[in-house]
Amino acid sequence: MQISESTPELNEADPKRRKDTILKTIHYRYEKFIQFANSNAEFRLNFGVKAYSNAHILFTPTKELRDSTPVYEIVLGADHNRHCSLRRRQQGCEKIKVDLENIVSGDQWRWFWIKISSKGLIEVGKDGNELPFMLWEDPHPLNIEYCSFSSWENTAALWCFECSSNNINLNKSDSEDLMKKLSVMNLNLYDYRV
């Protein structure tokens, strides 16, 4: 997987002094892990993605992944951007599948949030919507310490995220500011579909 990481320069007048992280992923492999500050707390991840399909987000108790490692894997735009799913293992059986065509786009940023409670409630929603479009409760919750991003074979994805164990405010005006920053940085997303 090719990962490009950068932190956009902030305007000195920006009162939030926020630093967003930008990643570019190609292929299906989790290599870059972000550690959460408090793994026992409820946390929320706000992020944007620009991909033609198959945007993968992994939540795991460990960075040492094996095929049998219990994880939460969320896929946005699976099966040629036709549905979303949540799995309890990498490429495992889907615990929930929601038909949502064109949920991600390679031409424009799409913004989402994921909340995971210490009791195993996993919610996935679109930015600006309080209600999730995908929801599942794990009867045997994992103690999540890390998250990671990936895409699928021959598919590129551009990610923007900020991680915290507290709620994060990433609203549409912030998203627009970030897209302007990305344009200045000349970060392009290429469609590697075959």
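Placed above this text is the structure.
Residues numbered from 1 in each chain as written. Predicted model: local features only at pLDDT ≥ 70, side-chain atom pairs only at ≥ 80, totals over all residues. Heavy atoms only, no water.

S.K.: Looking at this structure, I do not really get the pattern of salt bridges. What am I missing?
M.R.: Side chains carrying opposite charge are able to pair once their charged atoms draw close together. If you walk through the whole model with that rule in mind, you get five salt bridges. For Glu31, the salt bridge is made with Arg29, and the minimal N-O distance between the two is 3.5 Å. Residue Glu31 is classed as partly exposed on the basis of its relative accessible area of 40%. Taking the shortest distance from any N to any O, the salt bridge between Lys115 and Glu123 comes out at 4.0 Å. For Glu123, a relative accessible area of 16% puts it in the buried group. (Salt bridge = Lys/Arg side-chain N within 4 Å of Asp/Glu carboxyl O. Buried < 20%, exposed > 50% of the residue type's maximum accessible area, 1.4 Å probe, protein only.)

S.K.: Honestly, the pairing of strand 12 (residues 146–150) in this entry has me stumped. Any pointers?
M.R.: A regular strand places its side chains so that they alternate between the two faces of the sheet. Burial analysis of strand 12 places five of its five residues in the buried class, the great majority of the element. Along strand 12, one buried face is formed by Tyr146, Ser148 and Ser150 and the opposite face, lined by Cys147 and Phe149, is buried too. In this structure, strand 3 (residues 33–35) lies alongside strand 12, joined through three bridges in antiparallel fashion. Its bridge partner lying in strand 12, Gln35 is registered against Tyr146. Sheet analysis places strand 5 (residues 55–60) next to strand 12, joined by five bridges and oriented antiparallel. Within strand 12, the residue paired with Phe59 across the bridge is Cys147. (Helix = DSSP H or I, 4+ residues; strand = E, 2+ residues; numbered from the N terminus. Pairing = 2+ DSSP bridges.)

By themselves these figures say nothing about function.
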